[in-house]
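Structure assessment
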Amino acid sequence: MLKTLRIQPNGGDGLRPAPVTIFVNGAPTTAYPGETVATALLAAGSARFRTTARGAPRAPVCNMGVCFECAVTVDGRPGTRSCMTLVADGMRIERS
Ligand code: FES
């Protein structure tokens, strides 16, 4: 028999831990421990992670730490690869 699993947004489903709050350009956003910053931003609907000097939008490409297209500022550290950084409660992320 096929069993249906429902993932609850409050983390009470036993499938993932309770959520934490990160701040994206100052806005509180829900994320889950174990997620990367890139995953949390994509889940929140972010399509632009940074902007080039010529104004072109950029977002994750490789998702394995090679291309740097996902670079954001995390807790004041610019150029942080969001695909290689795990979320933490209270983390502050700035997109450019
Ligand atoms: S997506 Fe390529 S380094 Fe993060």
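Tracing the backbone shows Ala56 in the loop between strand E3 (50-51) and strand E4 (57-58). For Ala56, a relative accessible area of 26% puts it in the partly exposed group. If we ignore the near neighbours within four places in the chain, the residues touching Ala56 are Arg50 and Thr51.

With that settled, consider the pattern of salt bridges. Tallied over the entire structure, the rule returns two salt bridges. The partner of Arg50 in a salt bridge is Glu69, and the shortest N-O contact between them spans 2.9 Å. You can see Arg50 sitting in strand E3 and its partner Glu69 sitting in the loop between E4 and strand E5 (71-74), a full 19 residues away along the chain. You can call Glu69 buried: its relative accessible area is 18%. With its nearest N and O atoms 3.1 Å apart, the salt bridge here joins Glu69 to Arg58. Placement of the pair is Glu69 in the loop between E4 and E5 and Arg58 in strand E4, with a sequence separation of 11 residues. Overlapping salt bridges bring together Arg50, Arg58 and Glu69 as one network.

Here we take up the packing of aromatic side chains. Within the structure shown, the criterion is met by zero aromatic pairs. The ring of Phe23 carries the charged tip of Arg92 above its face, separated from the ring centre by 4.3 Å.

Attention now goes to the sheet that holds strand E6 (residues 77-81). Strand order across the open sheet formed by five strands is E2-E1-E7-E5-E6, with mixed pairing between neighbours. Pairing within the sheet leaves two strands with one partner each, and these edge strands are strand E2 (27-31) and E6. Geometrically, the sheet is characterised by an average inter-axis angle of 40 degrees between neighbouring strands, direction not taken into account. Judged from the two bridges that link them, E5 and strand E7 (residues 92-94) form a sheet pairing that is antiparallel. Bridge pairing in E7 places Val74 opposite Ile93.

What counts and how
- Residues numbered from 1 in each chain as written.
- Predicted model: local features only at pLDDT ≥ 70, side-chain atom pairs only at ≥ 80, totals over all residues.
- Heavy atoms only, no water.
- Helix = DSSP H or I, 4+ residues; strand = E, 2+ residues; numbered from the N terminus.
- Buried < 20%, exposed > 50% of the residue type's maximum accessible area, 1.4 Å probe, protein only.
- Contact = heavy atoms within 4.5 Å.
- Salt bridge = Lys/Arg side-chain N within 4 Å of Asp/Glu carboxyl O.
- Phe/Tyr/Trp six-rings, centres within 6.5 Å; stacked < 30°, edge-to-face > 60°.
- Lys NZ or Arg CZ within 6 Å of the ring centre and 35° of its normal.
- Pairing = 2+ DSSP bridges.
- Axes fitted to C-alpha atoms, helices over the stretch in contact; angles between N-to-C directions.

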